[in-house]
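Here is what each chain is made of, one letter per residue.
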Amino acid sequence: MDSKTDKETGCACSCKTSDAPVSGGGHKRASFTRLALIAPALFLWWLLYRELETISKWITYGALHLKEGTRLGSSVEFFLYDTPKVLMLLTLVVFGVGIIRSFFTPERTRRILEGRHESFGNVLAALLGIVTPFCSCSAVPLFIGFVTTGIPLGVTFSFLISAPMVNEVALVLLYGLFGWKVAALYLGTGLFIAMFAGWTIGRLRMEKGIEDWVFETQIGESGEDAQLTWPDRVSYGLNAVREIVGKVWPFVLAGIAVGAGIHGYVPENFMASIMGKDAWWSVPAAVLFGIPMYSNAAGIIPVVQALLEKGAALGTVLAFMMAVITLSLPEFVILRKVLKPRLIAVFAAVVGLGILAVGYLFNAIIV
């Protein structure tokens, strides 16, 4: 069964399940040339990355002659610094993970999960979700493929929750902007929600919540497991950069623009009264506010950065981010093609409860 295109599903995250190049004599020379250029390209990337702050300050206060300490100057500096920083980090991580993804076709992922004990399958599925090239735009064909090959429903949900939520782009950007502790917290809690939600749905035995036509669909092997050389895998990574970064950059710019506005014009600690630890209602309000929104991790993280700078609590902001990525309305519309409303409601409730628990937990333990 063919998957819908990004345009048809409205998916903002842009991923493909198979765009690996095929080895051939006509491409070998170009592929080896690309492989040889990786080291100098990484060196140039590092040189530019370490000077971004200096460059952004010079453009803001030198070239544009804005005054330091003003709201406009602060906003412009934030935008000029974060835009290349986020896009450079995004390019690097998409390239690296693109190479990793060349080892994981949909058929290979299904074979890894087939026949596993359900509890172990939940753990394995959540971990596989981190490095596999699937998001909401490929949810329907993947769901059908998993269910029709006998993978338990709970294990399937663990994978479908982890793949968009515990996103490698989110992890690298969180690390680059906030450090390893916040990135590790996000990784751990995201995996926990995927495992817990999948295990819970599996215990509820809700196979009747799947549309009947799903079980009548036959998914065959697509023959995507051909052996690739390392130059081929490098080309796969470059293709991923071209496809993903080429499509998500408008969301990145929009997110950074919103973050820049918050950074420059929202008073210090203003968000503490709305999204702070002392406001008990802030976590559920953040989740409810995030559901109608639809963005990928790269677009929402600059907003998260600005909210934290203005006094919002980490747990509340993480809950907001998880809701935007995992519980968006377009996601539910896509899943409705294969799930009955009751199962969608259970899915939203279980994942929502997990996100609420994460928000309250980190607001309680993070000083």
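Preceding this section is the structure that the text describes.
Residues numbered from 1 in each chain as written. Predicted model: local features only at pLDDT ≥ 70, side-chain atom pairs only at ≥ 80, totals over all residues. Heavy atoms only, no water.

Undergrad: Is there a simple way to explain the packing of helix 17 (residues 314-326) against helix 19 (residues 341-365) in this structure?
TA: Any two packed helices are characterised by the angle at which their axes cross and by the distance between the axes. As a packed pair, helix 17 and helix 19 sit with axes 7 Å apart at the nearest point and diverge in direction by 160 degrees. Classed by the angle they form, the pair helix 17 and helix 19 counts as roughly antiparallel. Seen from above, helix 17 lies across helix 19 with right-handed handedness. On helix 19, the residues that touch Leu314, Gly315, Thr316, Leu318, Ala319, Met322, Ala323 and Thr326 of helix 17 are Val351, Ile355, Val358, Gly359, Phe362 and Asn363. Grouping the constituent residues of the contact of helix 17 with helix 19 by class yields nine nonpolar, five polar and no charged. (Axes fitted to C-alpha atoms, helices over the stretch in contact; angles between N-to-C directions. Helix = DSSP H or I, 4+ residues; strand = E, 2+ residues; numbered from the N terminus. Parallel < 35°, antiparallel > 145°, perpendicular 65-115°, else oblique. Left-handed = near helix turned anticlockwise from the far one by under 90°. Contact = heavy atoms within 4.5 Å. Nonpolar A, V, L, I, M, F, W, Y, C, P; charged D, E, K, R; others polar.)

Undergrad: Just to check I follow, could you spell out the pattern of salt bridges for this structure?
TA: Opposite charge on two side chains permits them to pair, given that their charged atoms come into close proximity. Under the counting rule described, the total for this entry stands at two salt bridges. A salt bridge links Lys57 to Glu77, with the nearest nitrogen and oxygen atoms 2.9 Å apart. Taken together, the positions of Lys57 in helix 4 (residues 52-63) and Glu77 in helix 5 (residues 71-101) put the pair 20 residues apart, joining distant regions of the chain. Using a relative accessible area of 16% as the deciding quantity, one classes Glu77 as buried. Of the charged contacts, one joins Arg336 and Glu211 as a salt bridge, the two residues approaching to 2.7 Å between their closest N and O atoms. Within this pair, whereas Arg336 is found in the loop between helix 18 (329-335) and helix 19, its partner Glu211 is found in the loop between helix 11 (180-203) and helix 12 (212-215), the two being separated by 125 residues in sequence. According to the relative accessible area criterion, Glu211 is buried, its value standing at 17%. (Salt bridge = Lys/Arg side-chain N within 4 Å of Asp/Glu carboxyl O. Buried < 20%, exposed > 50% of the residue type's maximum accessible area, 1.4 Å probe, protein only.)

Undergrad: Sorry, what's going on with the packing of helix 9 (residues 153-165) against helix 11 here?
TA: Between helix 9 and helix 11, the least distance of the axes is 7 Å, while the angle of their chain directions is 155 degrees. It follows that helix 9 is roughly antiparallel to helix 11 by the angle criterion. Both helix 9 and helix 11 take part in a crossing whose hand is right-handed. The residues of helix 11 that touch helix 9, namely those facing Leu153, Gly154, Phe157, Ser158, Ile161, Ser162 and Met165, are Tyr186, Gly190, Leu191, Ile193, Ala194, Met195, Ala197, Gly198, Trp199, Ile201 and Gly202.

Undergrad: What is the right way to read the nonpolar core from this model?
TA: Side chains that are nonpolar tend, in soluble globular proteins, to be buried together. Judged by nonpolar contacts, the single largest core of 93 residues is most densely connected at Val94, Phe143, Tyr186, Met321, Leu339, Phe347 and Ile355. Contact partners of Phe143, with chain neighbours within four places excluded, come to Leu153, Thr156, Phe157, Leu160, Ile210, Val338 and Leu339. (Core = buried A, V, L, I, M, F, W, Y, C linked by side-chain atoms within 4.5 Å.)

Undergrad: Got a minute to help me understand the packing of aromatic side chains in this structure?
TA: Any two aromatic rings considered together are summarised by their centre-to-centre distance and by the angle between their planes. According to the stated counting rule, one finds six aromatic pairs in the structure shown. Aromatic pair Trp45 and Tyr49: ring centres 4.8 Å apart, planes at 10 degrees, arrangement stacked. Of the two residues, Trp45 and Tyr49 are both situated in helix 3 (residues 38-50); the distance of four residues between them amounts to about one turn of the helix. Under the relative-accessibility criterion, Tyr49 is labelled partly exposed at 22%. For the pair Phe157 and Phe347, a centre-to-centre distance of 5.5 Å together with 35 degrees between the ring planes defines the contact as tilted. Here Phe157 is found in helix 9, whereas its partner Phe347 is found in helix 19, with 190 residues between them in sequence. Judged on exposure class, the residue Phe157 and its partner Phe347 are both buried. Joined through ring pairs, the aromatic side chains of Phe157, Phe332 and Phe347 make up one cluster. (Phe/Tyr/Trp six-rings, centres within 6.5 Å; stacked < 30°, edge-to-face > 60°.)

Undergrad: Sorry if this is basic, but what is going on with helix 15 (residues 282-290) here?
TA: Residues three or four positions apart in an α-helix share a direction because the helix packs 3.6 residues into each turn. Among all positions of helix 15, only Ser282, Val283, Ala286, Val287 and Gly290 are buried. Considered in projection along helix 15, the buried side chains sweep an arc of 135 degrees and stay on one side of the axis. Residues of helix 15 that are exposed and point over 90 degrees away from its buried face: Leu288 and Phe289. (Arc of directions from axis to C-beta.)

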